[in-house]
Amino acid sequence: MDEEGRGQTWHLLDLPWEDVLVPHILSCLPLQHVVRLRRVSKQFHGLVQVYLANCRTFNFSAIGPSVPKEAFCEMLKDNKVLQNLSLQNCSDWVTDKELLPVIGQNQHLQRVEMSGCASLTRHSLVAVSLSCTHLQHLGLAHCEWVDCLSLRSLADHCGGLRSIDLTACRQLKDDAICYLAKKCSALKSLSLAVNANITDESVEEVAKNCRGLEQLDLTGCLRVRNQSIRTLAEYCPKLQSLRVNHCHNVTESSLDPLRKRDVTIDVEPPLPRALVLLQDMLGFAPFINLQI
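Note that the coordinates shown come from a computational prediction; the quantities given were computed from them, not determined experimentally. (Residues numbered from 1 in each chain as written. Predicted model: local features only at pLDDT ≥ 70, side-chain atom pairs only at ≥ 80, totals over all residues. Heavy atoms only, no water.)

S.K.: Help me understand the state of the cysteines in this model?
M.R.: Working definition: the covalent bond between the sulfur atoms of two cysteines is a disulfide. Counted under the stated rule, the structure contains zero disulfides. Cysteine Cys 143 is unpaired, with the sulfur of Cys 169 as its nearest cysteine sulfur at 5.9 Å. (Disulfide = S-S within 2.5 Å.)

S.K.: Got a minute to help me understand the nonpolar core in this structure?
M.R.: In summary, soluble globular proteins display a tendency toward joint burial of nonpolar side chains. Grouped together as the largest cluster of nonpolar side chains are 85 residues, with contacts concentrated most on Leu 140, Ile 164, Leu 166, Leu 218 and Leu 242. For this core, the leading source of residues is helix 4 (residues 42–53), giving six residues. (Core = buried A, V, L, I, M, F, W, Y, C linked by side-chain atoms within 4.5 Å. Buried < 20%, exposed > 50% of the residue type's maximum accessible area, 1.4 Å probe, protein only. Helix = DSSP H or I, 4+ residues; strand = E, 2+ residues; numbered from the N terminus.)

S.K.: Honestly, the pattern of salt bridges in this entry has me stumped. Any pointers?
M.R.: Pairing between side chains of opposite charge can happen when the charged atoms of each approach one another. Considering all chains together, one arrives at seven salt bridges under this definition. A salt bridge links Lys 77 to Glu 74, with the shortest nitrogen-to-oxygen separation between them at 3.3 Å. Of the residues examined, Lys 77 reaches a relative accessible area of 43% and is grouped as partly exposed. Residue Glu 74 is classed as partly exposed on the basis of its relative accessible area of 25%. (Salt bridge = Lys/Arg side-chain N within 4 Å of Asp/Glu carboxyl O.)

S.K.: Quick question: what am I supposed to make of the environment of Leu 99 here?
M.R.: With respect to the secondary-structure elements, Leu 99 resides in helix 6 (residues 96–104). When the C-alpha positions of Leu 99 and Lys 69 are compared, they lie 9.9 Å apart, and in sequence the two are 30 residues distant. Apart from the residues within four sequence positions on either side, Leu 99 is in contact with Phe 72, Leu 85, Leu 87, Val 94, Met 114, Leu 120 and Ser 124. (Contact = heavy atoms within 4.5 Å.)

This is the structure:
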């Protein structure tokens, strides 16, 4: 170092922002800590804005409830490179007004998590379908505003979708799910849980069109029966996980072939009849080696 360099005082913000501070320091900090740095000084505020403008992943799940609407808009106003956006825990405040501008300027989004965001409307889902044609994952659990028309829009424009969570989207019926299955045949993970509108028609259409399906959640789908589970076993050789708890019309006769393929099922198989008889007689099921 020359004499001139020895006499200078160097500060953190003197380091190159985009080449050093953003990729090697700020990217290693939790999002909530980065956001707090904006309050330190105008220079730190500017540095954080540069970081936020280049973020490819933005996860509000840890800080959602403490972020005001205005701060959300301010933080993402310059970002056009987002690939992953999670709005979980933001249900108390996020609306279409805040979300639509973010969706509109981020056409490279691949994962969007909106589960539990009850204040959004179908307009947000339509915006996602029109802007995010490369979408691979979408979380809509407990978003009861999702309707058949908005889901059809998603299916028409996001054919490469790999996973979607539609848990408790109770407006959806068989026709919408069948349309989704035909248009998004690359689906690997699907949840239709807690929806009494879903019948065998939906499950069979999913099985026949999405043959690479690996995970299916039908928890609480009371109208699903053995017939569609057998179709699932026939057409989906890659199935790894099936959830059918509280599906009272699904019995072991349709689940047993899947168990033999080591598919994980959330319902325990029935006890062997001998143990059931002993339990009835003695009040408990003693350990017995039935192979003797």
